[in-house]
Each structure stands twice: as C-alpha cells, then as structure tokens.
2 protein chains.
Amino acid sequence: MSYVLSYYRNLISDKILAAYEKLKKADSYSHDACSIITEISYLTSEYLSSLPAIELQSKVKGKHYFAFAANEKYSRAINKALFQLDAEEWDSLATSIVQGAFDQFDNPNIDKILYSTAISFCASIDLIKSRDQKTPGTFFEYFIAFLYAWRLRCSPIREIQVLNLDGDTKLKTDFIFDLGQGQNKFHLPVKTSTRERAIMLWAHQRLLDGVYGVGTFMGTPVCLAETKTDKRKREVVEICTPRQWQVYQIHIARLKRVYYLDVPEEYQKLDQATPKIIVRPFSQFFKEWKELSPN
Amino acid sequence: MSYVLSYYRNLISDKILAAYEKLKKADSYSHDACSIITEISYLTSEYLSSLPAIELQSKVKGKHYFAFAANEKYSRAINKALFQLDAEEWDSLATSIVQGAFDQFDNPNIDKILYSTAISFCASIDLIKSRDQKTPGTFFEYFIAFLYAWRLRCSPIREIQVLNLDGDTKLKTDFIFDLGQGQNKFHLPVKTSTRERAIMLWAHQRLLDGVYGVGTFMGTPVCLAETKTDKRKREVVEICTPRQWQVYQIHIARLKRVYYLDVPEEYQKLDQATPKIIVRPFSQFFKEWKELSPN
C-alpha cells in the first residue's frame, strides 16, 4: 500500500475516533448529537470506500454478506441487500427527524439508511482497533438513543428510583423515555447482538415491572443483527434461539416489540406463534410508536 | 529466555490444553473428570512455578494481589492470601470427595485449595492464549460441576422440559442437580465473574420458578471472583453492585446462596441487610448442602 494512502487512512481513523469521543459527551436529544453522528457517517463512508470488499459464504437463507478488509483483518459481516455507502442519505433522514418532518420523509429505504450508518461505524472500528466490542456497542447505543429521543421529542433517563424501606436506591437502567404523566413510557435496551445474553432484555423488563408495576413501561429493545462469522471458513450464520425467547416471554416478562436493523427471519416468524413475540424492522417504530400501548 | 526453558514451557502448555480438551468430553460425575482435573492441577502448578510473579497495587481493602508474567502478558490478578502452588493438596481433597470421605477431610484450607486450583488454570490460559475468556470460563464450569456432582453423588442435567400447548420444548439450562422425588433440587449457574451480567443469575432462577413453581429449585450460583485489573497502572479493584443485587433479589427471584471462591466483602455484608442475600465462601456448600431447603 502506498505511503500516502496509508497516511490518509490513519488520518480518517483518528477523526472517526475523535468524533466518537465527542458523541459520548453529547445529549441524545441535542443538535450536537445529530451533527456528530452525521460527521461519523461521512467519515466512515470515506474510510470504507477506500477498502476492498471480500465476499463471504452465507449460511443464512436469502441473505448475502461481505466484509471490508484492512490492517490484515476483516470487519464483521455486512448484509448486502441492506447496505449502501451514501452518507448523504443519512444526512437527509437525520435532518428530517430533527426538523420534525419525518412523516414527510418519503424515502422507502429507511431500513437501509439506518443499517448502513450503524454498521459502517462498527465495521470501521473492527478494522481500526483490535477485538474492540465496546466501542461499536456504545456507538450503537447512542445512535439508537438519538433516533428515539428526536422521534419522541424527549430526553432519555438512565436511572430510576427504587423504593426500599432501608433507604431509597437509584438503579442504573437501559434508556428510559417517559413522555409524561398518563403518556407512554418506553424501556429501551440496545444491543448490537443478543446471543446467549438475550435473557437480559426480559430480565430488565421484569425489574421495571416489579418496581413500577406491570404495564407501566413498554419494553421495545433494538438490536443490530445476530450474525456470526467463522473467520477461517469465511462463513456467516445467524445465531437464533426462538424457543428460548418464547419461554422468556411467558415466564419472565412481556416485551412489546423487538426491533432489528437486520431482522433474523427465525425471530420475525414468532408473531405467528404462541406466545406471540413481535419482531420488526426498526423503521416500523418510527411509524407505529404512537399506536403502541402497554396493554 | 533460554531455548530449553521456552521449549519446556511450550510442552507443558500443550499438555494443559490437551487435558482441557479431555475434560470437556468427561462426565462431571466420573472418575475420569477427577483424574483430568488433578492432572491439570499438577500441570498448571508446574507451568506457573517456572514464571515470575509481579506485584499488583490493590485497591481492595484487606486483599493483596499479584500476577504471573509470560509471553509479554500478565495473568489475571491472584489473591495472595488464598493462593498456594501445591497440587498435592488438591489431589488429597479430590480423592477424599470421590471416596465419599470429605467429612473426615480435616484440612482447614479448603477455600485455598479450591481457589488455587481454579485460578491456576485461568492464569495459565491468560498467558498461553490471547484474550481467551471462554476457555477459563468453561474449565471453571466443569471444575465446579465436578465438585457438586461428587458431593451430591448425582450427575448434572443441562436441559429441562418446558410445557407449551403448541408442543413441548427442551430448554438448555445451567447445571441442574436433582436428588430425586421429594429431595433437594439445585440450580447451579457458574461464572468466573458476574459484573454487569449478574442479573442473568436471577433471571435463570426466575425461569425455573416460572416453569416448575417457586420453591422447586434452589438457586446456588458459584463464582470465582469479581476482580478487575487496570493493566497500565497494575491496579486491582473489585467490581460490586450490591444495591442492584438487592433489587434483583426482591423483584426477579430469590437466590438461596451465592458462593464465591474469593468472596467480595461488599457482597458478604448483604446477609445483614434487607432483603437478605447470603453470600459465602464455596467451602461452606460442602458443609451445609444437606441443611439447605427451598423455603
């Protein structure tokens, strides 16, 4: 690789990491958050567009994947049908949300825009850093919280009060969006993938049900994808445990929705089963959030 | 380092990994499991005794830590007061358990023997492999399951049946020890540390309570320690969230005991609080298991 190209990539990498540090300090419900995520979207598009894309073998019916390569590493798997390198699309979407004009945003590819923006950052970090799961996970949390906050026009809360006769306790939680007295209250865990930790989504909902009563908070977690890549074979699988999810939904708590940016088909089918679990593309939330009710 | 010493260490490393592979295939309630764990104990003692021990700064009141160093890495933090490199002690303990003679085992240092055996394997893998959390975690599961199985004289179950009107489901679980009709049933999650995943211990208990009824299974998880080391500063802290544990104990499920090989003081104090959570050194289980009852 030429010295100039390498220098150029390092420069963008540094800018991506610097923007991420700024994002961690910004309120989700702020114009700053919007500018920083948009900056990140342009930077990661620029970074990734300079890299070779490597075909991966898909073991998931109907889905095709590739990975970007750099620094002798591969990024995580990227779903081809949901991916485009076009930061301007995100820019328009973000602008329409912040201006309260989302309902007039007539681009049919919202899922593609959301998935591309999120996975571009994650894939960039896979290549820039080594075995860093925390940075992509934290970015994804801020990214989703930003979208919720501006769609609901409300700042998230990160801790709740818990009654205890020996003295009240503050409990750290996932994002909570409380639209006010008598209005909807959303409980929003955010995960890049759930794997064997899926039970935590239901357990946190159970905790809120216990502290505030069943039906107070609607659990509407958002996940990125459930892909796993065998690096040696370059094979992609989706890790799903639908039967376990059903047992959680019966015996731990009821989740209102589980949203995905790349929905696993095995989970999407759960809305036809008993117990019903409604798993949908995240774009649906933007359309249906007003109609959701806890009971 | 001399060529011979390096050759010798690689040889032991390979033997440790080969023994671990055998352990994964052995039943917990078998003489094989006993021989393999004892073999591992001798091998890791031999491996670690050839390595320098590096002093760590302890930020935990009353505890002192060090780490072994090799391959330009440090092992996880090891609690000095609980550590001894003496595989023969484990050999005697394991023999007495397998021969059903534990009640006559009059060595007062059971906690030291258990901690040393477990952490010696984990520390060895920290140095032999890179960023491998899975191998130490899996070994620790088999190690604790072996001790439970022989103390209770009963094989563990790893899945339970769940009723569902649309067809029954098998659900994978942590270790379950069922002593038979009308007898105690133990639910045993095993974790090297819990950190921000502690809620999973209570959630799995909740699941069993839901499926089989409250009071059927006693939740008695076993953990190794809650230390975290800042590699740059060489500082050790214990990560504890006692307030959160109390909320889980009230609102998710009741755990009968939480056992540790290196008990964090912040958790040990919880048996004086409301709600009460009884956190004890794992050696206590060997003495009290018969007296435990679900209600």
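Everything quoted here is computed from the prediction, not taken from an experiment.

### Concerning the sheet that holds strand 9 (residues 218–219) of chain B
All names here are of chain B. Here we have four strands laid out as an open sheet, ordered 5-6-7-9, and mixed in their pairing. What marks the edges here is a single partner per strand, and that holds for strand 5 (157–162) and strand 9. With respect to the sheet, helix 5 (residues 134–152) is in contact with strand 5, strand 6 (169–178) and strand 7 (185–188), its orientation differing from that of strand 6 by roughly 60 degrees. Packed on one face of the sheet, helix 6 (residues 199–212) meets strand 5, strand 6, strand 7 and strand 9 and runs near 45 degrees to strand 5.

### Considerations on unusual backbone geometry
Residue and element names in this part refer to chain A. For the peptide bond that leads from T274 to P275, omega is -5 degrees, which places it in the cis range. With respect to the helices and strands, the residue P275 is situated in the loop between helix 8 (265–268) and strand 14 (279–281). The phi angle at R131 is positive, at roughly 50 degrees, despite the residue not being glycine. Note on placement: R131 falls in the loop between helix 4 (110–128) and helix 5 (134–152). Judged by relative accessible area, which is 59%, R131 ranks as exposed. At R234, a residue that is not glycine, the phi angle is positive and equals roughly 55 degrees. Mapped onto the elements of the fold, R234 is located in the loop between strand 11 (227–230) and strand 12 (235–238).

### Some thoughts on the domain arrangement of chain A
Residues and elements named next belong to chain A. Examined at the domain level, chain A breaks down into domain 1 (3–151) and domain 2 (154–288). A separation of 22 Å is found between the C-alpha centroids of domain 1 and domain 2. If you look at the interface, domain 1 gives 36 residues, while domain 2 gives 33 residues. Interface area, domain 1 with domain 2, both sides summed: about 3,100 Å², of which 67% is carbon and sulfur. The three residues of domain 1 that bury the most area against domain 2 are Y74, F140 and Y148, which together make up 23% of that side's buried surface. The interface formed by domain 1 and domain 2 holds three salt bridges in total. Between K63 and D262 there is a salt bridge, with the nearest N and O atoms lying 2.8 Å from each other. Along the contact surface separating domain 1 from domain 2 lie twelve residue pairs in polar contact (both at pLDDT 80 or more). Sorting the residues of the side of domain 1 that touches domain 2 by element identifies strand 1 (53–58), helix 4 and helix 5 as the ones contributing at least two each.

### A look at the packing of aromatic side chains
Residues and elements named next belong to chain A. By the definition in use, this model includes 52 aromatic pairs over all chains. Aromatic ring contacts, followed pair by pair, group F102, F105, Y148, F177, F186, Y259, F282, F285 and F286 into a single cluster. One residue, R158, lies across the ring of F175, its end atom 4.0 Å from the ring centre.

### So, the interface of chain A and chain B
Taken together, the contacts link 27 residues of chain A with 27 residues of chain B. Taking both sides of the interface into account, the surface hidden between chain A and chain B amounts to around 2,400 Å²; carbon and sulfur atoms contribute 63%. One can count zero salt bridges joining chain A with chain B. Here chain A and chain B share four residue pairs in polar contact (both at pLDDT 80 or more) between them. Going through the elements one at a time, strand 6 (169–178), helix 6 (199–212) and helix 7 (242–251) of chain A are the ones with two or more residues in the side of chain A that touches chain B. A total of eight residues in the side of chain A that touches chain B trace back to one element, the largest contributor, which is helix 6 of chain A. Classifying every residue of the side of chain A that touches chain B by side-chain character gives ten nonpolar, ten polar and seven charged.

So, how was this worked out
Residues numbered from 1 in each chain as written. Chains lettered and ligands numbered in written order. Predicted model: local features only at pLDDT ≥ 70, side-chain atom pairs only at ≥ 80, totals over all residues. Heavy atoms only, no water. Pairing = 2+ DSSP bridges. Helix = DSSP H or I, 4+ residues; strand = E, 2+ residues; numbered from the N terminus. Contact = heavy atoms within 4.5 Å. Axes fitted to C-alpha atoms, helices over the stretch in contact; angles between N-to-C directions. Buried < 20%, exposed > 50% of the residue type's maximum accessible area, 1.4 Å probe, protein only. Domains from an automatic or database assignment. Buried area = accessible area lost by both parts, 1.4 Å probe. Salt bridge = Lys/Arg side-chain N within 4 Å of Asp/Glu carboxyl O. Polar contact = N/O pair within 3.5 Å; in protein donor to acceptor, adjacent residues only side chain to side chain. Phe/Tyr/Trp six-rings, centres within 6.5 Å; stacked < 30°, edge-to-face > 60°. Lys NZ or Arg CZ within 6 Å of the ring centre and 35° of its normal. Nonpolar A, V, L, I, M, F, W, Y, C, P; charged D, E, K, R; others polar.

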